[in-house]
Amino acid sequence: PDMLVLLHDHVVPAPTLDAANGAKAMREFVARFNVRNYFPVGRHGISHVLVAEEGLALPGNILVNGDSHTCSSGALNCLARGMGPSEMTYIMCKGKTWYIVGPTTKIMLEGTLPEGVYPRDVIHYLAGQHGDFAGRNFEWYGSGLEAIGMDGRLTMATISAELSVDFSLFPYDKVLADYLDGRAKRPFEPSFPDDDAEYEQVITINLSELEPQVVLPNKV
C-alpha cells in the first residue's frame, strides 16, 4: 500500500455516471487496503504534476502510471513512463513489470535561452529537426541545464511523450537537489550513467541560438 499513489485526475467533477462510480470504487479501495498516498477531491491534481509537487517521484526510482505523460518524472531523475490498464493491474498485483531496453540519445544543451524562448521550444526544435524517437530514450546533459529550472525540466520531460520517447531522464544536480530539499517523502539514491555508457547518437543544441518554435498540426 505504501508504494501506491491514488488520486482523482482528469475527471473532476465526475462528468459521467461511470466516472462517479470509478471515484467511489477508488475511495473504497483506499479504505480497504489502507493506501497512505491518497489525494481525494480537493487535494487532487494531474497525476504526473502531483507526484513531483508532493515529493513522491524520486531519483533512482522506477515509476509507472496509466498516463502517457508519466515520463514527466524523468525530470526528477526517476525512470518513469506510462503503461496500459492491463499492465498497471499486473504491476499492482505482482509488483513487477518489464521493458524493452531501447537505444538512448544523449542531448547536450549549451548556452542559455534568449528572452522569449522557453524550455518547450527545445522539445519542438528536436521534433522539427529530428522527427520522432519511437522506441528510444533521452538523457539530458550539458552546462545549459544549469539555467533551466524544474518547471522547464518537467515540461521538457512531459512533452517528450509527443516525440514517442519511452524514457526522458534528467541528471541529479544542484537544481534538482534544491527542489527536493524538504520535499522528498523518503530517502533516495540518484542514478548516474556508467562511465562507459554507449549512446545511439549525441545531439548538441546551442540554446543561445534557439528561436521561438511554431508547431504545425498533424505532423512530427
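As the structure is a computational prediction, the values presented were derived from the model and not from experiment. (Residues numbered from 1 in each chain as written. Predicted model: local features only at pLDDT ≥ 70, side-chain atom pairs only at ≥ 80, totals over all residues. Heavy atoms only, no water.)

Focus: unusual backbone geometry
- The peptide bond linking Val12 to Pro13 adopts the cis configuration, its omega dihedral lying at -5 degrees.
- Even without glycine at this site, Asn77 takes up a positive phi of about 60 degrees.
- Tracing the chain through its elements places Asn77 in the loop between β3 (62-65) and β4 (79-82).
- Within the chain, Ser164 stands out as a residue other than glycine whose phi angle is a positive 65 degrees.
- Inspection of the secondary structure puts Ser164 in the loop between α5 (150-159) and β7 (168-169).
- When its relative accessible area of 36% is taken as the criterion, Ser164 is described as partly exposed. (Helix = DSSP H or I, 4+ residues; strand = E, 2+ residues; numbered from the N terminus. Buried < 20%, exposed > 50% of the residue type's maximum accessible area, 1.4 Å probe, protein only.)

Some details on the layout of surface pockets
- Approximately 1,400 Å³ is the volume attributed to the largest pocket.
- In this structure, the largest pocket is lined by 39 residues; those nearest its centre are Met3, Leu4, Val5, Val64 and Met88.
- Secondary-structure elements contributing two or more residues to the lining of the largest pocket are β1 (5-7), α1 (17-33), α2 (47-53), β3 and α3 (85-94).
- By residue number, the principal contributor to the lining of the largest pocket is α3, which donates six residues.
- Taken together, the residues of the lining of the largest pocket sort by class into 23 nonpolar, eleven polar and five charged.
- In this structure, the second largest pocket occupies an estimated 480 Å³ of space.
- Lining of the second largest pocket is provided by 23 residues; of these, Leu79, Thr104, Asn137, Glu139 and Leu169 occupy positions nearest its centre. (1 Å grid on protein atoms, 1.4 Å probe; cavity = no way out; pocket = protein on both sides within 12 Å on 5 of 7 lines; lining within 4 Å. Points joined across faces, edges and corners; volume = space filled by probe spheres on them. Nonpolar A, V, L, I, M, F, W, Y, C, P; charged D, E, K, R; others polar.)

A look at the sheet that holds strand β8 (residues 201-206)
- Taken together, the four strands give an open sheet; going across it, the order is β7-β6-β5-β8, and neighbouring strands pair in parallel fashion. The sheet is open, and its two edges are formed by β7 and β8, each paired on a single side.
- Strand direction decides the pairing type here: strand β5 (residues 104-110) and strand β6 (residues 137-141), joined by five bridges, are parallel. Paired with Thr105 across the two strands is Phe138, which belongs to β6.
- Packed onto the sheet, helix α4 (residues 119-130) meets β5, β6 and β8 and runs at close to 125 degrees relative to β8. (Pairing = 2+ DSSP bridges. Contact = heavy atoms within 4.5 Å. Axes fitted to C-alpha atoms, helices over the stretch in contact; angles between N-to-C directions.)

A few points about the side chain of Ser73
- Along the chain, the position of Ser73 falls in the loop between β3 and β4.
- In this view, Ser73 contacts Val51, Ala57, Leu63, Cys78 and Ala80; residues no more than four positions away in its chain are not counted.

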